[in-house]
Amino acid sequence: MPPSSLQSARGVRDVLPAERATWELVEGAARRVARAFGYQEIETPIIEPLELVERGVGGDTDVVRKEIYLVHSRAEPDSRLVLRPEATAGVVRAYFQNRLDAGPQPQRLYTLGPMFRHDRPQAGRYRQFHQFDVEAFGSGAAALDAEVIEMAVGWLAELGLTGFVLELNSIGDDACRPAYLELLKAYYRPRKEQLDAECQRRLEVNPLRLLDCKAPRCQPFKAGAPRITDHLCPACGEAFAEVRRLLDAAGVEYRLNPYLVRGLDYYSRTVFEVSHEAVGGAQNSLGGGGRYDGLATALGYPNTPATGFAAGLERVVLALERQRLAPPAPSPAELAVLPDGEGLAVAAARVARIARGSVRVAVDYSGRSLRAKMRAAHRAGYPWVAIMDPAEASREVVQLRHMASGEQREVAWRDLPLALRTPGGPTPSRDASGGVRPAMPTGEARA
Ligand code: AMP
């Protein structure tokens, strides 16, 4: 093994071919659902200016900022760039910088890609992970909050996931939240000494976060804390009711959770989170989102209402695996071309080129024996092989063999796309162009 300095960085992982099928399913469903709701794909850079990202992750403390990876370039030591920890700030930047704000509103956008956070790695938490991120800009309609929630849930349902839980809350807006936060502080101040150190600190800087603290010693005080939903202004109360009406009408189940919050100042009104027990432990959140009407101004752009969500693909993949919904790893190709003899590379490549008209094809260019090639093809799981010796190559035919049944017959090169096009490959009885040979055990094709 090479030294550990050549191994992957801590907290990152390789997605191997066997797992990629599940990823494709997850990404494909994300794209389908997003498009079905009229969302268009946008791709923004992984590196963004430090200042944009710092403003985007908000003013709580250094805790979040510490998670940001700075990009160091030897050629430009002063460049202040970072690896994005989330997508939203970059998408907001792209929306204004490319004048999408001047186009028809709302702009419905989605993106898929890697995010980077220097957190302590643990099961379900990585330093590079991937998100499906959905943003709708330019409309304050509560209906859009319900729309993005319906999308998030629809995506998971399309994947066949069951047992996930949607939690919903409203955290008010600038009109009603400040007074509520005073009530919350007033409630917690006499209890400050009994809170854990982090919550003692939060009490004055970000009291809303006291509500989603998971520390055991802070739990007993939550039940008596004032609830934001009892203190919403009429406009926020109506927006919250509208979101619930729309979700009810869409048949989307949810739990109201008065302790669900987002710690950042630019969030307002709707917040939601989808979690799943199957992903387990403390990291059981699949995704979350809400309305962030204040973000554009926090980033220095014109005031623009917005709503959206971000979900973690690693965790959705994990949930699918745990629920045995992950597809089996596919074979690398449907057909392997096995030249049997010397000097057949050009002919084999041509056979493959022709057959690629209908199926995925790999060629075994090695110099090993046909028996060894058959064994390798069997192990790789190719459903079909096309065997060809020099005499067959000169007649432009192959022996097409179905690995599972051992049935084998001669097929002309030019007929391969048609012969292989039928779902699951050709069946000997369906194709009159070649005679069916008696089945031979795998590895004994001609040896
Ligand atoms: P957030 O952007 O923090 O609201 O996270 C949204 C979703 O991204 C979470 O619900 C997770 O599914 C996923 N996520 C966030 N951080 C990580 C991480 N470090 N590793 C894996 N997934 C993550």
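These numbers were taken from a predicted model, which means no experiment stands behind them. The numbering scheme is per chain: residues are counted from 1 as the chain's sequence reads. Restriction of local features to residues with pLDDT of at least 70 applies here, the model being predicted, together with a cutoff of 80 or more for giving and counting side-chain atom pairs; totals for whole chains, interfaces and linings are based on all residues. As a rule here, side-chain values cover all heavy atoms of the structure and leave hydrogens and water aside.

### Description of the sheet that holds strand E8 (residues 255-256)
Phase 1: At least two bridges found by DSSP between two strands are what make those strands a pair. A helix here means a DSSP run of H or I that spans at least four residues, while a strand means a run of E at least two residues long, and both kinds are numbered starting from the N terminus. Spatially, the 8 strands line up as an open sheet ordered E1-E5-E6-E11-E10-E9-E7-E8, and their pairing is mixed. This sheet does not close on itself; its edge strands, each paired only once, are strand E1 (40-41) and E8.
Phase 2: In this structure, strand E5 (residues 107-116) lies alongside strand E6 (residues 128-137), joined through 10 bridges in antiparallel fashion. Residue pairing in the sheet places Tyr 110 in a bridge with Val 134 of E6.
Phase 3: Note on definitions: a residue-residue contact is assigned when non-hydrogen atoms from the two residues lie within 4.5 Å. To define axes, lines are fitted to C-alpha atoms, for helices over the stretch in contact only, and angles between the resulting N-to-C directions are given on a 0 to 180 degree scale. Of the strands in this sheet, E5, E6, strand E10 (285-291) and strand E11 (306-312) are in contact with helix H10 (residues 313-322), which crosses E6 at around 110 degrees.

### Focus on the site of the ligand
Phase 1: Being near a molecule or strand, for a residue, means having at least one of its heavy atoms within 4 Å of it. If you check the shell around the ligand, you find 13 residues, and the closest are Arg 117, Tyr 126, Gln 131, Ser 285 and Leu 286.
Phase 2: Contacts described as polar in this section are N or O atom pairs within 3.5 Å, which, within protein, must combine one atom able to donate a hydrogen with one able to accept it, while residues neighboring in sequence count only if both atoms come from side chains. Tyr 126 places a polar main-chain atom, nitrogen or oxygen, 2.8 Å from a nitrogen atom of the ligand.
Phase 3: The side chain of Arg 262 places a nitrogen or oxygen atom 3.3 Å from an oxygen atom of the ligand.
Phase 4: Each accessible area value is a Shrake-Rupley result obtained with a 1.4 Å probe; residue values ignore everything except the protein chains displayed when judging cover. In the complex, the protein chains occlude 84% of the 480 Å² of accessible area that the ligand would expose alone.
Phase 5: If you list the elements that add at least two residues to the shell around the ligand, you get E6, E10 and E11.
Phase 6: The leading source of residues in the shell around the ligand is E10, at 3 residues.
Phase 7: The class makeup of the residues in the shell around the ligand is 4 nonpolar, 5 polar and 4 charged. Charged means Asp, Glu, Lys or Arg here, nonpolar means Ala, Val, Leu, Ile, Met, Phe, Trp, Tyr, Cys or Pro, and polar covers whatever is left, Gly included.

### Points about the domain arrangement of the chain
Phase 1: As far as domains go, the chain holds domain 1 (17-176 + 232-322) and domain 2 (335-421).
Phase 2: Here domain 1 and domain 2 have C-alpha centroids that lie 48 Å from each other. An automatic or database domain assignment provides the domain bounds reported here.

### Quick word on the sheet that holds strand E4 (residues 81-83)
As a general point, the strands of a sheet are linked pairwise by backbone hydrogen bonds and lie either parallel or antiparallel.
Phase 1: With respect to topology, 3 strands assemble into an open sheet ordered E2-E4-E3, the strand pairing being antiparallel. Each edge of the open sheet carries a strand with a single partner, namely strand E2 (47-49) and strand E3 (69-71). When strand polarity is set aside, the average angle formed by the axes of neighbouring strands in this sheet is 45 degrees.
Phase 2: Of the pairings in the sheet, the one linking E3 to E4 comprises 3 bridges and is antiparallel in character. Bridged to Val 71 within E4 is Leu 81.
Phase 3: On the sheet, helix H2 (residues 50-57) packs against E2, E3 and E4 and is oriented at approximately 85 degrees with respect to E2.

### A closer look at the packing of aromatic side chains
To describe a pair of aromatic rings, you give the distance between the ring centres and the angle between the ring planes.
Phase 1: Any pair of Phe, Tyr and Trp rings, taking the six-membered ring for Trp, is counted once the centres come within 6.5 Å. Such a pair is stacked with planes under 30 degrees apart, edge-to-face with planes over 60 apart, and tilted for the rest. In this structure the tally under the stated criterion is 10 aromatic pairs.
Phase 2: Between Tyr 110 and Phe 132, the aromatic rings sit 6.3 Å apart at their centres with planes inclined by 80 degrees, giving edge-to-face as the arrangement. Highlighted residues: Tyr 110 in strand E5 and Phe 132 in strand E6, separated in sequence by 22 residues. Judged on exposure class, the residue Tyr 110 and its partner Phe 132 are both buried.
Phase 3: Here the aromatic rings of Phe 272 and Phe 309 are separated by 6.3 Å at their centres, their planes lie at 65 degrees, and the arrangement is edge-to-face. Placement of the pair is Phe 272 in strand E9 (residues 268-276) and Phe 309 in strand E11, with a sequence separation of 37 residues. Summary of the burial criterion: residues with accessible area below 20% of their type's maximum are buried, those above 50% are exposed, and those between are partly exposed, where the area comes from a 1.4 Å probe applied to protein chains only.

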